[in-house]
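Summary of the model geometry
Chain by chain, the residues:
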Amino acid sequence: MFKHKKALAIAGAATVAALALAGCSSSGSLSGGSGSDTKTSIVVGSADFSENTILAQVYGQALAANGFDVSYKPNIGARPVYFPALEKGTVDLIPEYTGSILSFLDKSAVATAPAEVDAALKKALPETVVSYTPAEAADSDSLNVTAEFAKQHSLKSIEDLKNAGPITLAANPEFETRPDGLPALKSLYGLDNITFKAIKDGGGPGTLKALLDNEVQVADIYSTTPSIEENNLVTLTDPKNQFASQQVVPLVFKKKASTKLGDVLDKVSAKLTTKDLLALNAEVSGDKKTQPDVAAKDWLKSAGLVK
Amino acid sequence: MNLFEQGFAWLFDVAHWMGPTSIPVRIGEHFEYTGISLFFAALIAVPLGFFIGHTGKGRGAAIAISNVSRALPTLGLLAALILLLGIGLLPAVIVLVILGIPPLLAGVYAGIESVDRQTVDAARAMGMTELQILFKVEIPLGAALIFGGIRAATLQIIATAVVAAYFSLGGLGRLLVDGLAQNDYPQLVAGAILVIAIALIVDGILALIQKLVVPRVSAGTRSTKRTARGGAIPPVAQSRTLIKEGQ
């Protein structure tokens, strides 16, 4: 194990050195002939779940097609790990979600409507990080029940859960304390009939199984997850805006930000809809198991963003 | 205040020692999962180890299966079992049992095997039945290694039982998983300190029990081989050397 790590470290150091050398040669006087300008290098990182990796590829490939020197660091981990890396410029671009990153930066944030969240985010970002225009695409928390359970208690909105008797709700552990999680269910909707079960798979297969087995009656599943449609789950509406808007937004290390970079990113965001995101997720996590980079490329082509 | 101090502060906060999700409840749950898993792991591994050690049969297969199951990623296996069986205690116990079997099995059969064959033959010549040989000769003489297996399995299960928290169960893993997810690092550190402390305390208790219960002679079994190979020392004399060496 230890030897392995050492080898990895050496390989990593070698890669860095090689990249540095490559950077020198392409920008220095040695690179004759091609006559191209200095390429700005951009390291695109992502959180450790598949949708974020796809988004990293979407933005990254669009930049690569527009003359940026792009490399990838996918699956870095969770926010507390990758955000400091972005702040220091170890990675230069991370696709984020407006509401989540806002509440990470400002624990007292209360904005939930899309424009409010975006404005609050711009204020909350540290000096070394900038955000661009958010996409229409959003991947927010959503509370889901089985079609059967919805019919049984005639459920349409989160509010209706009041009359469903004692229920158990499954979500990621942070839902228990997040201001827009369990506390909001109580304060905003006045629900006091809920037992909480923490299942740490981000509304993934374990959560779905618990819901289908009726171990839990309500499950927090991200709105762009294909399993919602595949299993005819009913997503409860959120009339009081409990869940903050979660539009996709690229965050960039400020030293790498430029008008050219912003133009490319904004063009991508302008085309990306929630439907697209759902389709991309289904492509990668569904039966086809398309690689994230391939799925991203196909989408960019169909959107006319790359040739 | 650094993170460790914050962790200890969290740990000694009176509010965290009362109520349905308090530290004592979590420790209790942790011991529950550990105890149940260890029980079933022992139920499988101990008789199997006795059989393999005593007869020498199936040793290759046991080693192969143990090694393969050691390589199984516990969390991945748990996730797969959850999909098969649904959330609950059963999947967590199954993965912990699978985790506990290899060290237990290895300890038990190595303990039995370590007993000098001549001593066993002597016992047989004295007219002991196979079961008597196992319980009166092989187990007492191999007890140190057997106990070592129990200690190793217990430690591994205590340390790994935290995975139960990933899928809605309790135990000290709750502090780790929730602490990480909720950016509550003092809680995370407190959980880590508790798991380490409990593992060390339990191992200490087991070491003490081992000292009190396990006959000391077992340490000498290896060296009797040399004497035995050296020449015609009759079994009775041999067992006397054995006792002497042990003292």
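Conventions and cut-offs
- Residues numbered from 1 in each chain as written.
- Chains lettered and ligands numbered in written order.
- Predicted model: local features only at pLDDT ≥ 70, side-chain atom pairs only at ≥ 80, totals over all residues.
- Helix = DSSP H or I, 4+ residues; strand = E, 2+ residues; numbered from the N terminus.
- Buried ≥ 20, exposed ≤ 12 C-beta atoms within 10 Å, placed from the backbone.
- Contact = placed C-beta atoms within 7 Å.
- Domains from an automatic or database assignment.
- Nonpolar A, V, L, I, M, F, W, Y, C, P; charged D, E, K, R; others polar.

Our next topic: the overall build of chain A. When helices and strands are tallied, chain A shows 12 helices and 10 strands. Buried positions account for 41% of the 307 residues belonging to chain A. If you take every contact in chain A between residues at least 6 apart in sequence, the share linking residues at least 24 apart comes to 73%.

All names here are of chain A. Of note, Thr-195 is situated in strand β7 (residues 194-198). Separated by 31 residues in the primary sequence, Thr-195 and Ala-164 place their C-alpha atoms 13 Å from one another. Once you skip the residues sitting within four places of it in the chain, Thr-195 turns out to touch Pro-166 and Thr-168.

The next thing to look at is the domain arrangement of chain A. A common way to report how large an interface is uses the accessible area buried once the components associate. All names here are of chain A. Annotation of chain A at the domain level lists domain 1 (39-139 + 245-302) and domain 2 (143-235). A separation of 27 Å is found between the C-alpha centroids of domain 1 and domain 2. Counting residues at the interface gives 10 residues for domain 1 and six residues for domain 2. Of the residues forming the side of domain 1 that touches domain 2, the biggest block, six residues, is contributed by helix α11 (residues 274-285). When grouped by side-chain class, the residues that make up the side of domain 1 that touches domain 2 number four nonpolar, four polar and two charged.

This brings us to the interface of chain B and chain A. Tallying the contact residues gives 13 residues for chain B and 16 residues for chain A. Going through the elements one at a time, α4 (74-85) and α8 (173-181) of chain B are the ones with two or more residues in the side of chain B that touches chain A. Here the residues of the side of chain B that touches chain A sort into eight nonpolar, four polar and one charged.

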